[in-house]
Amino acid sequence: RLHEDFIWLHDVIQENIDYAGFIIPPKPPHPDFDASREKLQRLGEAESGQLTKEEFNKMKQELEAEYLATFKKTVAQHEVFLQRLASHPNLKNDRNLHVFLEYEAELCVRSKNTKEKLAGIFSSFQKSGDELLLSNTQKDVDDFFENEKHYLLEYNQQLKDACIKSDKMTSTHKALSDNYIKLSACLLDIATLENSNLESFLTKLSDTFEKMRRIEGRVANDQDLKLSDCLRYHMRDTNAAKDLLYRRLRCLANYEKANKELDMARARNKDVAIAENRQHEACTTFEELSGTAQSELKMQKERRVAHFQKSLQELAELEVKHAKAHAQMLRQTINAIKTEV
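Throughout the structure, instances matching the rule amount to 13 salt bridges. Of the charged contacts, one joins Lys 73 and Asp 224 as a salt bridge, the two residues approaching to 3.1 Å between their closest N and O atoms. With a gap of 151 residues between them, Lys 73 in helix 3 (residues 53–87) and Asp 224 in helix 7 (residues 199–268) connect regions that are remote in the sequence. As a salt-bridge pair, Lys 301 and Glu 148 come within 3.0 Å of each other at their nearest N and O atoms. One end of the pair, Lys 301, is in helix 8 (residues 272–340); the other, Glu 148, is in helix 6 (residues 143–191), with 153 residues separating them in the sequence.

And the structure:
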């Protein structure tokens, strides 16, 4: 399945009014292969002789590792989206999900044209304005949802700050990995100079930095996948929960509006039956949505804790694995140098 197929599945589920009381799993982000494409372009230019064979091979290995990490990251993000839908007690029965999973041929989903994209942008602005208006004018009658709203706003900000710090840490590891490449190349250049008595030592040292570069690159990729992406995912999931609270608040506003219209109809003694039906429908919709939303928010907390535990445990195991590999590689290098001396 293409990324556009996943976006189509998310949109059709989100637009279904029968699912208004559910937290819709956030759509997977668009795959980001821009950095890999840029390096691939530089690699193509390097074939003309601008780089030495050693530098070319190192850049090629770095590109392959980066592309593989981005591919694994993209697959994981799309897999989580499908797992959320398939594990949901109601969403798993959606007809479009079954078509997505069982239809063997290509779905041939049409991407949105310019008019539809503009309509989506205006709809987003309208929703944001309506949400702001409701949050300032509509008082929630249920303390549970009022507390949830304040909690989600604060939690989302905390996730955002943590994600920024995690990205900085990952970028530092990647910068360190890049510096190892430069050190390795410089040491190899010095080793190949004529009349160099340290050729063997410098060559081994250059190889050591190259191995350290690979380990540091894996550390950066794992931190990005297991920590930064986990934080970003829950930022999107928290926004989906905020959307649910907005839909409930909109139902509450519609319910109170229906009550006022019923009072006015009774005062005028006109269209009372119609107003009573509207008031009953609005009341039923609001109560059903509130009950479903409360269960969804509780499930989200349990799911969030389990996901964080799993991701952090896997990250810790990978960190220990890389640290052991790093220490073992340094021991082997020191022993090799001692043996030669």
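Judged by nonpolar contacts, the single largest core of 18 residues is most densely connected at Ile 23, Tyr 255 and Leu 297. Elements represented by at least two residues in this core include exactly helix 6, helix 7 and helix 8. Apart from residues lying up to four places away in sequence, Leu 297 is in contact with Ile 23, Phe 144, Phe 145, Glu 148, Leu 152, Ala 241 and Leu 245. Counting residues in each nonpolar core, the second largest holds eleven residues, with Leu 9, Ile 24, Leu 91 and Leu 97 among its members.

Right, let's talk about the packing of aromatic side chains for a bit. Any pair of aromatic rings gets described here by the distance separating the centres and the angle formed by the planes. Summed over the entire model, instances satisfying the criterion amount to seven aromatic pairs. An angle of 40° between the planes, with centres 5.7 Å apart, marks the rings of Tyr 180 and Phe 209 as tilted. You can see Tyr 180 sitting in helix 6 and its partner Phe 209 sitting in helix 7, a full 29 residues away along the chain. By relative accessible area, Phe 209 is classed as buried at 17%. When the centroid spacing of 5.9 Å and the interplanar angle of 20° are considered together, the rings of Tyr 255 and Phe 286 count as stacked. Placement of Tyr 255 in helix 7 and of Phe 286 in helix 8 is noted, with a sequence separation of 31 residues between them. Like Tyr 255, the residue Phe 286 is buried in the burial classification. Taken together, the ring pairs in this structure connect Phe 6, Phe 81 and Phe 100 into an aromatic cluster. One Lys or Arg, Arg 248, reaches over the ring of Phe 145 and ends 3.8 Å from the middle of that ring.

Quick notes on the rules
Residues numbered from 1 in each chain as written. Predicted model: local features only at pLDDT ≥ 70, side-chain atom pairs only at ≥ 80, totals over all residues. Heavy atoms only, no water. Salt bridge = Lys/Arg side-chain N within 4 Å of Asp/Glu carboxyl O. Helix = DSSP H or I, 4+ residues; strand = E, 2+ residues; numbered from the N terminus. Core = buried A, V, L, I, M, F, W, Y, C linked by side-chain atoms within 4.5 Å. Buried < 20%, exposed > 50% of the residue type's maximum accessible area, 1.4 Å probe, protein only. Contact = heavy atoms within 4.5 Å. Phe/Tyr/Trp six-rings, centres within 6.5 Å; stacked < 30°, edge-to-face > 60°. Lys NZ or Arg CZ within 6 Å of the ring centre and 35° of its normal.

Interpretation in functional terms is not warranted from these geometric data alone.
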